[in-house]
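Understanding the architecture of this molecule
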Amino acid sequence: MTATTLKIDFPESLPVSARREEIMAAMAAHQVVIVCGETGSGKTTQLPKIALALGRGKLNYPLTNPDGTRAPPGKLIGHTQPRRIAASSVAKRIAEELNTTLGDVVGFKVRFQDRLSRDSSVKLMTDGILLAETQTDPLLKAYDTLIIDEAHERSLNIDFLLGYLKQILPRRPDLKVVVTSATIDAERFATHFASRKRLAPGRPKAGDAPQGGSDDAQRGAWGPLIPAPIIMVSGRMFPVEQRYRPFEEARDYDLNNAIADAVDELWRDAHNSGDILVFLPGEREIREAADHLRGHLSHQPVFRGAEVLPLFARLSQAEQDRIFDGHTGRRIVLATNVAETSLTVPGIRFVIDAGTARMKRYSFRSKVEQLLVEPISQSSANQRAGRCGRVANGICIRLYDEKDFAGRPKFTDPEILRSSLAGVILRMKSLHLGVVEDFPFIEKPSGRAIADGYQLLNELGAVDDANKLTATGQELAKLPLDPRVGRMILEARSREALDEVLVIASALSVQDVRDRPMDAQQQADQAHAKFDDEKSEFSGYLKLWKWIQDARGGSHEATPGVGLAGRSAPCPPPALRAPPSPAQNARPSRLSTPMPSHKLSNRQYEQLLRQNFISMRRVREWRDIYSQLHTVVAEHKWRLNTLPASYEQLHLSMLAGLLGNIGFKLETEGGGGGEYLGARSIKFYPHPGAHLVKKPGRWIVAAELVETTRLFGRGIAAIEPQWLEQVGGHLLKKQLLD
């Protein structure tokens, strides 16, 4: 395929097509252009075609030099997406519009999948793929154009890319960058890429053009800082009516019932026959809502044939493609925020918005990152509503009230402000992006956050006293996990305690599944007593996990993948499972008991959990996190231990990630008080609600330190002082005395 044989058309129905001449002129005149438009404007699919029409991309490069010799290979148009599902679907869409085979002119590269040919001109990829390429191609010389899509999402990868590009642009004057964003804070991107024009004649040398600074000598040779141009493109073409339908969750009415009622309201009118897009926070919620909706619609003759389709990042390619297939009947698509901006689902007339999403948050208090379901911002809610005004007048039903919406933050916090700087520093060091203090982030993290990050990494043994990455740090950098959790897992791998630590680490990432209602505290304590351990709340989590698995019932043969901690995760491949030991038969797992033969129904199981004051919702979250950790272990082909870990093996593993939370009991007159002296000379008390049969010992470790009326340690376990030297020797100061 050559530039002369490729026919490029721009659909006139898309708003971006009307602005293509202006976009091409801006790209020709400027190194960086910001294209800002609402969802549905066509910027994602049309910008690569505009770049091709402008003469960018491999197919616009000559095959031979004027003297007949072979010309050097051409360069690519790179186009990044925040998610794999978007990268593959957008590539297919552009290839269709160009009437070419996927991989010929347009291809994509994501984790585990590469659909690019040697002569491809447009390369769709995740922003993580492009970041990784900076290691082998520091100036990104494989590209003549880069389109950074969905920049308003402000993920860590996007912020890293925008900062990195700002650094290399003066050394790549031939590189064009287009940053696309929904109409959210576009000026921030324009200011970030502000540049100076040279006042003196002559072309500057590569690396000569300053990207800022206030040096008088620089000002003499260069003009004032000029922000990158912003081109606004309209998006939504029809008005959208907002309806607020808040609901109160009760035993017999939950989110799934509210969604079903909203579907009935939208389709009650015979003229309202369009498709419905439902936004939910995660895969589990989508599957539950899909099951409920199918059952609900089966009792209605008119809607019985309606399709109910899920849409989330982990779907197979075939299941993803069903969303974009033509259909004649009614359809309901249940999606995560992947459909908020990354993908445009065709034919949507109505939106039902649960108003929540899964967000990563870092707690300075507990020093742990958590993936929590929380209310979305106003800008995200408006993005979701905008999905239904593209084909006709739309209706968006929000399952929360208008006052709730008005009280939400205007924009979603950038990921860098919600993340542990320990993880950010670790990532930057592994990518050789320089020191975090000097990196040109759009929003610079605070000095306190940076110091906290370095301190935690040093505690975990990931950096040395000079803040250089250690061997442990290099391994930690490869794990897409909170550094504390990753450190526990690395230690557990070497101490043959991986099976148990996966359960406990996932438990520490969610709210305690044990409910203790105000009006039934004594009953709850009695029900929970069977899970309490004498010395360790970590061991108590293992008892609790096993009880939750066993409570469902159903006798079955012992199978690989249901390990010592009684998990019900996917079966790992044989390479992950350690060969059986002769001692295995002689030493039964302390966590294994015969299953009851009768399997409970979902309703019976939930009732049993309620009777024991266990939250079903939090149990699901615990299982979700466990499954994610198990997947990471499987990807690294690490073997799970076949014999149960000893108390020492288990707690040495946990201690490796919690060295900052140790405590030594202070002696007081009369033996009372119970105060502990911790690291950095802090003092704390064991939490009064600790799930322990006996009082904590002389030396303890806590999962987290929480300040309420006083500083308390939660998640207590007794440890031996000599263990500290084994896992925390790099932090100890030794003194020899006569």
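Before reading further, recall that the structure is shown in the block above.
Described in the following lines is the structure provided in the data block. All values reported here derive from a predicted model rather than from experimental measurement.

Points about the overall build of the protein chain
Broken down by element type, the protein chain carries 25 helices and 23 strands. Expressed as a percentage of the 738 residues in the protein chain, the buried residues total 53%. Put simply, 73% of the contacts in the protein chain that link residues at least 6 apart link residues at least 24 apart. As displayed, the protein chain offers around 34100 Å² of accessible surface, 51% of which is attributable to carbon and sulfur atoms.

Observations concerning the side chain of Glu537
Summarising the element assignment, Glu537 is placed in helix α20 (residues 537-551). Buried and unpaired, Glu537 has no salt bridge, with Arg514 as the nearest side chain of opposite charge at 5.0 Å. Polar side-chain contacts of Glu537 include one of 3.1 Å to the backbone nitrogen of His691. Leave out the neighbours within four places in its chain, and Glu537 touches Ala690, His691, Leu692, Arg714, Gly715 and Ile716.

What about the pairing of strand β5 (residues 122-126)?
Burial runs high along β5: five of the five residues are buried. Residues of β5 alternate between two faces, with Val122, Leu124 and Thr126 on one and Lys123 and Met125 on the opposite face, all of them buried. Two strands pair when backbone bridges link them, and strand β2 (residues 76-81) and β5 are joined in this way by five bridges, in the parallel orientation. In the sheet register, Gln81 faces β5, and the bridge partner there is Thr126. Note that strand β3 (residues 106-110) and β5 share four bridges and pair parallel. The residue of β5 that forms the bridge with Lys109 is Met125.

Remarks on the sheet that holds strand β23 (residues 711-718)
Read around the closed barrel, the five strands follow the order β19-β20-β21-β23-β22; overall the barrel is mixed. The sheet shows a mean angle of 50 degrees between the axes of neighbouring strands, taken without regard to direction. In this structure, strand β22 (residues 699-707) lies alongside β23, joined through seven bridges in antiparallel fashion. By the bridge assignment, Ile700 is partnered in β23 with Ala718. The sheet strands contacting α20 are β22 and β23, and the helix crosses β23 at an angle near 70 degrees. The strands touched by helix α24 (residues 647-657) are β19 (662-665), β22 and β23; relative to β23, the strand with the most contacts, the crossing angle is about 145 degrees.

Regarding the sheet that holds strand β15 (residues 348-353)
Here six strands make up an open sheet; going across it, the order is β11-β18-β15-β12-β14-β13 and the pairing parallel. Lying at the two open borders of the sheet, with one neighbouring strand each, are β11 (240-244) and β13 (307-311). Direction aside, the axes of adjacent strands within the sheet are offset by 20 degrees on average. The pairing of β13 with strand β14 (residues 331-335) spans five bridges and is classified as parallel. Residue pairing for β14: Val308 is matched across the bridge by Ile332. In the packing of helix α10 (residues 283-298) onto the sheet, contacts are made with β13 and β14, and the angle to β14 comes to roughly 160 degrees. Most of the contacts of helix α12 (residues 378-385) go to strand β18 (residues 394-398), to which it runs at about 140 degrees, and overall it touches β11, β12 (275-279), β15 and β18.

A short note on the packing of aromatic side chains
Within the structure shown, the criterion is met by 14 aromatic pairs. Feature note: the residues Tyr541, Trp545, Trp622 and Tyr626 constitute an aromatic cluster, connected by ring pairs. Geometry around Phe405 places Arg398 over its ring, the cationic atom sitting 4.4 Å from the centre.

Concerning the packing of helix α18 (residues 498-507) against helix α23 (residues 616-635)
Interaxial distance between α18 and α23 falls to 8 Å at its minimum, and their mutual angle equals 135 degrees. It follows that α18 is oblique to α23 by the angle criterion. The way α18 lies across α23 gives a crossing that is right-handed. Between α18 and α23, the contacting residues are Leu498, Leu502, Val503, Ala505, Ser506 and Ala507 on the first element and Trp622, Ile625, Tyr626, Leu629, His630 and Val633 on the second.

Some points on helix α17 (residues 483-494)
In this model α17 runs 17 Å from its N-terminal to its C-terminal C-alpha over 12 residues, within 8% of the 16 Å that 1.5 Å per residue would give. Every buried residue of α17 is accounted for by Pro483, Arg484, Val485, Gly486, Arg487, Met488, Ile489, Leu490, Glu491 and Ala492. Glu496 sits one or two positions beyond α17 and adopts a positive phi of about 60 degrees.

Some remarks on unusual backbone geometry
In the Ramachandran plot, Asn467 falls in the positive-phi region, its phi being about 65 degrees despite a non-glycine side chain. Locating Asn467 in the fold gives a position in the loop between α15 (447-459) and α16 (471-477). The residue Phe613 is not glycine, and still its phi comes out positive at about 55 degrees.

So, helix α9 (residues 255-267)
For α9, which comprises 13 residues, the first-to-last C-alpha distance of 18 Å matches the rise-based estimate of 18 Å (1.5 Å per residue) to within 8%. Looking at α9, one finds that the buried residues are Asn256, Asn257, Ala258, Ile259, Ala260, Ala262, Val263, Asp264, Glu265, Leu266 and Trp267. Against the buried residues of α9 lie β11, β12, α10, β14, β15 and β18.

Observations concerning the nonpolar core
Ranked by internal contacts, the top residues of the largest apolar core, which has 109 residues, are Ile489, Phe538 and Trp622. Look past the residues within four positions of Ile489 in its chain and what remains in contact with it is Leu481, Leu498, Val501, Leu502, Leu629, Val633 and Trp638.

Side note on the pairing of β2
With six of six residues buried, β2 lies mostly within the body of the structure. Neither face of β2 is exposed, since Leu76, Gly78 and Thr80 on one face and Ile77, His79 and Gln81 on the opposite face are all buried. By the bridge criterion, five bridges tie β2 to strand β6 (residues 143-148) in an arrangement that is parallel. Considered in β6, the bridge of Gly78 is made with Leu146.

As for the environment of Ala492
Here Ala492 is to be found in helix α17. Between the C-alpha atom of Ala492 and that of Leu640, which follows or precedes it by 148 residues, the distance is 9.5 Å. Ignoring any residue separated from it by four or fewer positions in sequence, one finds Ala492 in contact with Ala497, Leu498, Val501 and Ser653.

Topic: the side chain of Asp533
Within the secondary structure, Asp533 sits in the loop between α19 (521-528) and α20. At a separation of 3.1 Å, a polar atom in the side chain of Asp533 contacts the main-chain amide nitrogen of Ser536. Sequence-distant contacts of Asp533, that is, excluding residues within four places in its chain, are made with Ser539, Gly540, Lys543, His691, Leu692 and Val693.

Let's talk about the pattern of salt bridges
Under the criterion given, the structure shown has 40 salt bridges. Across the salt bridge formed by Asp9 and Lys7, the nearest N and O atoms sit 2.9 Å from each other. One network of salt bridges, with partners in common, ties together Arg284, Glu285, Glu288, Arg358, Glu606, Arg620 and Asp624.

Conventions we followed
Residues numbered from 1 in each chain as written. Predicted model: local features only at pLDDT ≥ 70, side-chain atom pairs only at ≥ 80, totals over all residues. Heavy atoms only, no water. Helix = DSSP H or I, 4+ residues; strand = E, 2+ residues; numbered from the N terminus. Buried < 20%, exposed > 50% of the residue type's maximum accessible area, 1.4 Å probe, protein only. Contact = heavy atoms within 4.5 Å. Areas by Shrake-Rupley, 256 points an atom, 1.4 Å probe, with all protein chains shown as cover. Lys, Arg positive; Asp, Glu negative; His and termini not counted. Salt bridge = Lys/Arg side-chain N within 4 Å of Asp/Glu carboxyl O. Polar contact = N/O pair within 3.5 Å; in protein donor to acceptor, adjacent residues only side chain to side chain. Pairing = 2+ DSSP bridges. Axes fitted to C-alpha atoms, helices over the stretch in contact; angles between N-to-C directions. Phe/Tyr/Trp six-rings, centres within 6.5 Å; stacked < 30°, edge-to-face > 60°. Lys NZ or Arg CZ within 6 Å of the ring centre and 35° of its normal. Parallel < 35°, antiparallel > 145°, perpendicular 65-115°, else oblique. Left-handed = near helix turned anticlockwise from the far one by under 90°. Expected span 1.5 Å × (residues − 1). Core = buried A, V, L, I, M, F, W, Y, C linked by side-chain atoms within 4.5 Å.

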